[in-house]
Amino acid sequence: MAPRLRVLAGTSPESMVPITSLVNTPTPHKLSSRLFEGQVVAHIQGLTDESGNVRDSEYFGREDKAGITWSIQVQGRFLASQSADDVLFGNTFDRPLKLPWGTSAVLKFMHYIDPTLENDLTSSTKPWALSPLIATMPNFQHSLLRDAPHFPPKESIKDDTRQLYRAVVEVDEHGNPVPSSNHLHVPTRSPSSLSTGSNGSGTSSSSFHSASSSRSGGSSGSGDGSGSGSSRSSKIKQAMKKVNGRSKKSRTSSVSSSGREKSVAELLKLDPTSSSQRRSYFANKAHREAVQFGPEDVITTDFCYGFINFAPALSLQLPGGISFDLMKYWDGQPVRFVCCLRPKEGEDNTEPWGEILWCVSIEMVHDDIS
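Residues numbered from 1 in each chain as written. Predicted model: local features only at pLDDT ≥ 70, side-chain atom pairs only at ≥ 80, totals over all residues. Heavy atoms only, no water.

Novice: Hey, could you run me through the packing of aromatic side chains in this one?
Specialist: Each aromatic ring pair is summarised here by two numbers: the centre-to-centre distance and the angle between the ring planes. Applying the stated criterion to the full structure yields 15 aromatic pairs. Plain terms: the ring middles of Trp70 and Phe307 are 6.1 Å apart, the flat faces sit at 90 degrees to each other, and that makes the pair edge-to-face. Here Trp70, found in strand β7 (residues 70-78), pairs with Phe307, found in the loop between β17 (297-305) and β18 (308-309); they are 237 residues apart in sequence, far enough to count as distant. The pair formed by Trp70 and Phe307 is uniform in burial state, with each residue classed as buried. (Phe/Tyr/Trp six-rings, centres within 6.5 Å; stacked < 30°, edge-to-face > 60°. Helix = DSSP H or I, 4+ residues; strand = E, 2+ residues; numbered from the N terminus. Buried < 20%, exposed > 50% of the residue type's maximum accessible area, 1.4 Å probe, protein only.)

Okay, structure coming up:
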């Protein structure tokens, strides 16, 4: 029998509110804090809600989503600049886990899917499993604020990194990335002009798109690094001219742009629609450190897989016929998906992870909970 579930979302575990009524619908829930603003949409195949009602979504009927059983989609931007290496995504728990006998097989499967995964699931205090968001997301889009797409889109979210080269930062003589006024970001609206207000359900129209569409003279992102063959080569040359032009204007700076030029060239050689190429490229820590997200960068993601079934019963399915009845091991604590910052060395952190930017929690509803 499928368990009754409650879904919550917020910008911290303490601020989460129930969004079960929005699950399996195109209506997003807004997220807003001092570090992040955005929207989240969740889909769970065969969801049985708090009242015992079974609800499904058209999402799972899409041809490209065959075999997918759950999805967490988020669109948002960081209100303070963050290195792509420091933005993590994964699971955190409040107490030790009751792990099945085949945990080692599960971990091998997880590392196969995501080689950048770091974890301490056997922790006697607070287990966790986290990866750099840019390397672990199966579907990842980057756009400038002025070009932010509607959210959620009517079609499935697919990789689009045509404008990602604009987020590459300069490096110093030691190869360390540093924020620079000469990076390739295009000036857009100020952060304060796009406040989404307090948490609450939103509409199906993206607040980013609505705000940016009023900007006069805004160009679309269709001309930034897409295409193949001679077209892609032309885009690389155009981007490199932008980099070199800014370098000439800043000859008095002690910062070298050679590392940035190399990173831009490497990024533009990737297929901007290829999830596998993007994930392979950003499995390299140095590549992640060369990218910095700020308030003008909008990230749209879809974290979706099919190895967890929520109906007709809660189970984990792995390749090779390995299956686990999760109801035997789920002790009722929430399964929490978080986007957080990497903890900084030297800081006195009370948690194994850094500050949380947003989170979605799936809880089992017990009979004594209304």
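Novice: Is there a simple way to think about the sheet that holds strand β1 (residues 5-10) in this case?
Specialist: Strands pair in a sheet through their backbones, by hydrogen bonds, and they do so in one of two ways: parallel or antiparallel. As summarised here, the arrangement of the seven strands in space is β2-β1-β22-β21-β9-β11-β10, forming an open sheet in which the pairing is antiparallel. This sheet does not close on itself; its edge strands, each paired only once, are β2 (17-18) and β10 (118-119). Pairing of strand β21 (residues 335-341) with strand β22 (residues 356-364) involves six bridges; the strand directions are antiparallel. Bridging from a neighbouring strand, Phe337 pairs with Val360 of β22. (Pairing = 2+ DSSP bridges.)

Novice: What is the right way to read unusual backbone geometry from this model?
Specialist: One can expect most non-glycine residues to show negative phi and most peptide bonds to be in trans. Between Phe151 and the following residue, Pro152, the backbone shows a cis peptide bond with an omega angle of -5 degrees. Position of Pro152 among the secondary structure elements: in the loop between β12 (139-144) and β13 (170-171). A positive phi angle, near 70 degrees, is found at Asn24, a position not held by glycine. Structurally, Asn24 is set in the loop between β2 and β3 (29-32). Take Asn24: its relative accessible area is 10%, and that puts it in the buried class.

By themselves these figures say nothing about function.
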